[in-house]
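A structural walkthrough
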Amino acid sequence: MAHDNGAIPLLSVQGIHTFIGQFHILEGVTVDVPKGDIVALLGRNGAGKTTTLKSILGITPPSQGRVLFDGEEIQGRRAFEIADMGIGFVPEHRAIFRDLSVAENLKIAERNKGELAQKEDLIFSLFPDLKRLIKLPGTNLSGGQQQMLAVARALVPDNRLLLIDEPSEGLAPVIIEQMIEAIKQLSAETTVLLVEQNFIVASHLAESYVIIEEGQSVKNGKMSDLTEDKETIHRYLGAA
Ligand SMILES: Nc1ncnc2c1ncn2[C@@H]1O[C@H](COP(=O)(O)OP(=O)(O)OP(=O)(O)O)[C@@H](O)[C@H]1O
Ligand SMILES: [Mg+2]
């Protein structure tokens, strides 16, 4: 969907600071995610990307700054309340229940009874493998299939925003291509804030980007400008 200039962003993170224990991890992160867009959150290892997602979700609540979801302040609310507003999270490292079957993993992702039945067609059209594997336990899935299941789980409830952390991490190139295609398609239904270390993946998916370095957002703009800007890519992301 095109960037809707003038409309309020679906998500607006404004100058947040977050502590984990005594450590001051985020020291001013600002991110806007327009409705219908995919925004990529970029930065090196340890920059604060995952902490930004967890701060939005109230898992590591910010001590300063504001988080607005659809214009409403949500910082300081409890994590389950924030999720219930329609924000889905796909954590790093293929977070699924390995002892449960694909069907069970999807079923327990429901926020309200009966949601899965309504979403099955969408989920299986994005990830046809999951239909074939529906009865198998998570342990029997490949890394790529586990990651697909992790994304599919976030599609079961009616989420207006998805926060996806490193979906391509550790996956084979052919699986990464499937993942890119699936995220492209699901972005027709929802808005996405995507953490990606793989710049090629991020640049294929996102309309705009924010770079985080040492807990601060240091640069943002249109992805089409960043792909031309080798110096910035090298300086902040270490990629060629
Ligand atoms: N529970 C914790 N206790 C102490 N420090 C933490 C904790 N979690 C994260 N950190 C530190 O906070 C900083 C940001 O971590 P974060 O996980 O947000 O980075 P990231 O950008 O997601 O990195 P990666 O690309 O490796 O996933 C890092 O320096 C990390 O060591
Ligand atoms: Mg991370």
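Read on for a plain summary of the structure. Computed from a predicted model, the values in this text were never measured in an experiment.

Attention shifts here to the packing of helix H6 (residues 143-155) against helix H7 (residues 173-186). At a minimum axis separation of 10 Å, H6 and H7 run at an interaxial angle of 10°. On the basis of the axis angle, H6 is roughly parallel to H7. Across from Gly144, Gln147, Met148, Val151 and Leu155 in H6, the residues of H7 making contact are Ile175, Gln178, Met179 and Leu186.

This part is about the side chain of Asn159. Looking at where Asn159 falls in the secondary structure, it is placed in the loop between H6 and strand S7 (161-165). Since its relative accessible area comes to 11%, Asn159 is described here as buried. In this structure the side chain of Asn159 is engaged in a polar contact, spanning 3.0 Å, whose partner is the side chain of Arg111. Within the local environment of Asn159, its side chain forms a polar contact with the backbone oxygen of Ala154, the two atoms lying 2.7 Å apart. Look past the residues within four positions of Asn159 in its chain and what remains in contact with it is Ala83, Gly86, Ile87, Gly88, Arg111, Ala154 and Thr190.

Donor atoms from the polypeptide that coordinate the magnesium ion (ligand 2) comprise Thr50 (OG1) and Glu92 (OE), at 2.0 to 2.7 Å from the metal. In this pair, Thr50 sits in helix H1 (residues 49-56) while Glu92 sits in the loop between strand S6 (87-90) and helix H3 (102-107), placing the two residues 42 residues apart along the sequence. In this structure Thr50 comes out as buried when scored by relative accessible area, which is 19%. Residue class for Glu92 comes out partly exposed when judged on its relative accessible area of 25%.

The subject of this paragraph is the site of ligand 1. Taken together, 14 residues surround ligand 1, and among them Gly46, Lys49, Thr50, Thr51 and Gln197 come closest. For ligand 1, an oxygen atom lies 2.8 Å from a polar atom in the backbone of Gly46. In this structure, Ala47 approaches ligand 1 through a main-chain N or O atom, which is 3.2 Å from an oxygen atom. Bound to the protein, ligand 1 loses 60% of the 640 Å² it would expose on its own. Broken down by secondary-structure element, the contributors of at least two residues to the shell around ligand 1 are strand S2 (23-33) and H1. Tallying contributions element by element places H1 first for the shell around ligand 1, with three residues.

Moving on, we get to the pairing of strand S3 (residues 38-42). Of all five residues in S3, five are buried, a share of seventy percent or more. Where S3 lies against strand S8 (residues 191-195), four bridges are found, and the strand directions are parallel. Counterpart to Ile38 in the pairing with S8 is Val192. Across four bridges, the pairing between S3 and strand S9 (residues 208-213) is parallel.

Glancing now at the sheet that holds S2. Taken in spatial order, the four strands of this open sheet run S2-S1-S4-S5, and their pairing is antiparallel. Of all strands in the sheet, those with a lone pairing partner are S2 and strand S5 (72-73), marking the two edges. Here strand S4 (residues 64-69) pairs with S5 via two bridges, running antiparallel. Residue pairing across strands places Leu68 opposite Glu73, the latter belonging to S5.

Let us look at unusual backbone geometry. We note that Glu166 has phi near 50°; this positive angle belongs to a residue other than glycine. Backbone geometry places Glu214, a non-glycine residue, at a positive phi of 45°. Inspection of the secondary structure assignment puts Glu214 in the loop between S9 and strand S10 (216-222).

For the rest of this paragraph, the subject is the nonpolar core. Membership of the largest hydrophobic core comes to 47 residues, with the highest contact counts inside it found for Leu42, Leu106, Ile123, Phe127 and Met223. Broken down by element, this core gets its largest block of residues, seven residues, from H6. Ignoring anything within four residues of it in the chain, the contact list for Leu42 reads Lys49, Glu196, Phe199, Ala202, Tyr209, Val210, Ile211, Ile212, Met223, Leu226 and Leu237.

About the cut-offs
Residues numbered from 1 in each chain as written. Chains lettered and ligands numbered in written order. Predicted model: local features only at pLDDT ≥ 70, side-chain atom pairs only at ≥ 80, totals over all residues. Heavy atoms only, no water. Axes fitted to C-alpha atoms, helices over the stretch in contact; angles between N-to-C directions. Helix = DSSP H or I, 4+ residues; strand = E, 2+ residues; numbered from the N terminus. Parallel < 35°, antiparallel > 145°, perpendicular 65-115°, else oblique. Contact = heavy atoms within 4.5 Å. Buried < 20%, exposed > 50% of the residue type's maximum accessible area, 1.4 Å probe, protein only. Polar contact = N/O pair within 3.5 Å; in protein donor to acceptor, adjacent residues only side chain to side chain. Donors = N, O, S within 2.8 Å, 3.2 Å for Na, K, Ca; no water. Near = heavy atom within 4 Å. Areas by Shrake-Rupley, 256 points an atom, 1.4 Å probe, with all protein chains shown as cover. Pairing = 2+ DSSP bridges. Core = buried A, V, L, I, M, F, W, Y, C linked by side-chain atoms within 4.5 Å.

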